[in-house]
Protein chains: 2
Amino acid sequence: MENNQDKCRELARQIYELDADVYQLSGSILGRTFNGDKEQHIATLAALIYTHPQGHVLRSEIALIGNMARTISNKADRSRMMTRYNEILKEIEKIPSSFGSVDIVDEQLAALNISNPDHPKTGDDHLIICIGRTHGSAGTDIGFALADALKINYYDVEIFNMVLDRLEAEKDSFNDRENFDPKLDHIYPSTPAKRRCSDFSRYHGLPKKDAIFFNQSDLIRDMAKKEDFIVMGRCADVILTNNRIPHISIFITAPFQQRVRRMMEVNHLEYKETCKLLKKLDRKHERYYHFYTGRKWGDAVNYDLCINSACYGIKESVELIMRMIDKYPRPHKN
Amino acid sequence: MENNQDKCRELARQIYELDADVYQLSGSILGRTFNGDKEQHIATLAALIYTHPQGHVLRSEIALIGNMARTISNKADRSRMMTRYNEILKEIEKIPSSFGSVDIVDEQLAALNISNPDHPKTGDDHLIICIGRTHGSAGTDIGFALADALKINYYDVEIFNMVLDRLEAEKDSFNDRENFDPKLDHIYPSTPAKRRCSDFSRYHGLPKKDAIFFNQSDLIRDMAKKEDFIVMGRCADVILTNNRIPHISIFITAPFQQRVRRMMEVNHLEYKETCKLLKKLDRKHERYYHFYTGRKWGDAVNYDLCINSACYGIKESVELIMRMIDKYPRPHKN
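Residues numbered from 1 in each chain as written. Chains lettered and ligands numbered in written order. Predicted model: local features only at pLDDT ≥ 70, side-chain atom pairs only at ≥ 80, totals over all residues. Heavy atoms only, no water.

(A) Geometry of the overall build of chain A. A count of helices and strands for chain A gives 14 helices and 5 strands. Looking at the 334 residues of chain A, the share that counts as buried comes to 54%. When contacts within chain A are restricted to residue pairs at least 6 apart in sequence, those whose partners lie at least 24 apart make up 69%. A total accessible area of about 15,000 Å² is found for chain A, and carbon and sulfur atoms account for 51% of it. (Helix = DSSP H or I, 4+ residues; strand = E, 2+ residues; numbered from the N terminus. Buried < 20%, exposed > 50% of the residue type's maximum accessible area, 1.4 Å probe, protein only. Contact = heavy atoms within 4.5 Å. Areas by Shrake-Rupley, 256 points an atom, 1.4 Å probe, with all protein chains shown as cover.)

Okay, structure coming up:
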């Protein structure tokens, strides 16, 4: 539909008449305000469509008619009204820059988001789930249980440290031999791993924690080419995004008091010291994430999704994530 | 399993032996660090299980063995190792306060969360989706499209104002008649609505914006007893939680620059004025939410879920939410 004044006026008339019919059929007299001066109302509505097709006011006007139409008790009448309602919605969609027509999608982000059904399937992508979490939110428990449910690998800071330690130990053994164990290739790419190993002890002249971070980053990037996995923290979301490797990034948190309650139970601590400890750990997390990414830790704009684990619990959080990534194994309802 | 030292030692031995077998079968030599002094390692592991069953270190040790076992190329070997791995996990689960055993769930929050499959179905509950959103994130477009897809009603601030205006106009007509239109009962509860109407103009001595807020709150609470709907903003999540009415609360946002880009396109604005406007609107939203709820607007702990709409777009956000609430109509994969 061209966005000219005649067309807008015609659409306004259709909306007005649908409104009148819907209110009559629903037996309500609430519509009568709208029914004041017919031609004046149509002119106002036409102007609204012509000048502000994106406007939330038009959408709200339409939505209110739809809401009312759904209350019509006679099924045939209701169906007839909803058909007209849907036809009007379709007409509005054709108007340039109508509401809903300007998407919010960031094509670059969406292309990397594997929980987006529009994500282009190349066949090479692995299922990589990055989980950030506040301490005490059971995020690591959820990550571990999710890895188990999906039968994929699970990596957290301790595992990275163990792997890096073993690779470093491996380096010494490697230096003594001519051939590296080819089976390692299956797990971690051999040549870059070896090079990283030999470089590891030197830290590239960086502070040790930076060296560890960069070693972890390389490991995450290399693993992403080889296997499906869940990675806890390590700014893996940002590392993968910067390397244009598809994944899903989830942040798990829970209200402070609920995290305190859980940490007290888990670690047999007193209330006051738990509060203090949790605040300290939050600050530490925040600084780490900001230092290596320049972003605000836990801010919803930095993840695909955030989950409040207190509203779900461990088991249901796992199931929720599985539904999100559409891998939920039980037969679907409907 | 009792949490006594002998049992822990037995479990530690099983873990150690599984680790040794898995590394041997995977053909890797990385496991050998772990294989240093067998009895010493078992003693350390047993102590870890006995003293810190919750400890993330134990989980990481186990997870690393699982990760490695999944790389075993011979299917029968892999299956045998994974069976032993799962048996060990089951044993650990039986240990009091083992990792994963202390849940984060807040029973009160979970009972009100309709996207939680554990939510008790009473038959009286309606599908109520509360959507908070940052301006420019397409949250209202997502809410409207979701209402359309679910065939349920959609309410936003304009609709509330229209409904309240019409109810107020209705009041005058009502005062002239003896019987109120009984059909209205179907839409909004008649007696309280009428009483609210007659009280509305008086504002209960409150500032007008407070009166509107409280009228909206009453309306939301009454609607929740009658119908399925989506409500945009209005602190509906907190109103429903305070009234112990089940719902799902979702916050939709997107990176600032992406929201700016979209608002410029939608409203034909310049970059600088859009940034200024968006910051102003964010502050306004923040103050409104904090004033009526005492909570921080947009903080993930205040919602069941947060979605970054830039990672999905409008259509995919709708589909994501439908998967979350398990109402997604297309045939399920797997």
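There's more to say after this.
(B) Here's a closer look at the packing of aromatic side chains. Going through the model one piece at a time under the given rule, you end up with 22 aromatic pairs over all chains. Ring plane angle 90° and centroid distance 5.3 Å describe the contact between Phe144(A) and Tyr154(A), whose orientation is recorded as edge-to-face. Remark: Tyr154(A) occurs in strand S2 (residues 153-155) and Phe144(A) occurs in helix H6 (residues 139-150); sequence separation between them is 10 residues. Assigned by exposure class, Phe144(A) and Tyr154(A) land together as buried. When the centroid spacing of 5.6 Å and the interplanar angle of 90° are considered together, the rings of Tyr155(B) and Phe229(B) count as edge-to-face. Pair noted here: Tyr155(B) is in strand S2 (residues 153-155) and Phe229(B) is in strand S3 (residues 229-232), with a separation of 74 residues, a long-range link. (Phe/Tyr/Trp six-rings, centres within 6.5 Å; stacked < 30°, edge-to-face > 60°.)

(C) Summary view of the pattern of salt bridges. Following the criterion strictly, the structure yields 22 salt bridges over all chains and no others. A salt bridge links Asp141(A) to Arg262(A), with the nearest nitrogen and oxygen atoms 2.7 Å apart. Remark: Arg262(A) occurs in helix H12 (residues 256-267) and Asp141(A) occurs in helix H6; sequence separation between them is 121 residues. Its relative accessible area of 5% is what places Asp141(A) among the buried residues. Taking the shortest distance from any N to any O, the salt bridge between Asp21(B) and Arg84(B) comes out at 2.8 Å. One end of the pair, Asp21(B), is in helix H1 (residues 5-25); the other, Arg84(B), is in helix H4 (residues 75-94), and 63 residues separate them in sequence. Looking at Arg84(B), the relative accessible area reads 25%, which means it is partly exposed. Each of Arg9(A), Arg13(A) and Glu39(A) takes part in one network of salt bridges that share partners. (Salt bridge = Lys/Arg side-chain N within 4 Å of Asp/Glu carboxyl O.)

(D) Region of the structure containing the packing of H1(B) against helix H3 (residues 56-69) of chain B. Residue and element names in this part refer to chain B. Running from N to C, H1 and H3 point in directions that differ by 30°, and their axes come no closer than 9 Å. When the axis of H1 is compared with that of H3, the two are roughly parallel. H3 is crossed by H1, and the crossing has left-handed handedness. Mapping the contact onto sequence places Ile-15, Leu-18, Asp-19, Val-22 and Tyr-23 in H1 and Leu-58, Ile-62, Leu-64, Ile-65, Met-68 and Ala-69 in H3. (Axes fitted to C-alpha atoms, helices over the stretch in contact; angles between N-to-C directions. Parallel < 35°, antiparallel > 145°, perpendicular 65-115°, else oblique. Left-handed = near helix turned anticlockwise from the far one by under 90°.)

(E) The arrangement of the pairing of S3(B) in detail. Residue and element names in this part refer to chain B. Of the two faces of S3, the one lined by Phe-229 and Val-231 and the one lined by Ile-230 and Met-232 are each fully buried. Judged from the 4 bridges that link them, strand S1 (residues 128-133) and S3 form a sheet pairing that is parallel. The residue bridging Ile-129 from the neighbouring strand is Ile-230, located in S3. In this structure, S2 lies alongside S3, joined through 3 bridges in parallel fashion. From the neighbouring strand, Asn-153 faces S3, where its bridge partner is Phe-229. (Pairing = 2+ DSSP bridges.)

(F) Focus on helix H10 (residues 208-224) of chain A. Its 17 residues give H10(A) an end-to-end C-alpha distance of 24 Å, which sits within 8% of 24 Å, the value for a rise of 1.5 Å per residue. Within H10(A), burial applies to Asp210(A), Ala211(A), Phe213(A), Asn215(A), Gln216(A), Ser217(A), Leu219(A), Ile220(A), Asp222(A), Met223(A) and Ala224(A). (Expected span 1.5 Å × (residues − 1).)

(G) Inspection of the sheet that holds strand S5 (residues 305-308) of chain A at higher detail. Pairing within the open sheet is mixed, and its 10 strands lie in the order S2(A)-S3(A)-S1(A)-S4(A)-S5(A)-S5(B)-S4(B)-S1(B)-S3(B)-S2(B). Strands at the two margins of the open sheet, each flanked by one partner only, are S2 of chain A together with S2 of chain B. When strand polarity is set aside, the average angle formed by the axes of neighbouring strands in this sheet is 20°. Pairing geometry for strand S4 (residues 248-253) of chain A and S5(A), over 4 bridges, is parallel. The residue bridging Ile252(A) from the neighbouring strand is Ile307(A), located in S5(A). Against the sheet, H10(A) touches strand S1 (128-133), S2 and strand S3 (229-232) of chain A, its axis set at about 160° to S3(A).

(H) Main features of the confidence of the model for chain A. Residue and element names in this part refer to chain A. Of all residues in chain A, 78% have pLDDT values of 70 or greater, and the mean over the chain is 80. Across residues 177-191, confidence stays below pLDDT 50; counting only partners more than four residues off in sequence or on other chains, it has 28 contacts. The low-confidence segment residues 328-334 (pLDDT under 50) makes 16 contacts with residues lying over four places distant or belonging to another chain. Across the interfaces of the predicted complex, the ipTM metric reaches 0.81, alongside a pTM of 0.82. (pLDDT = per-residue confidence, 0-100.)

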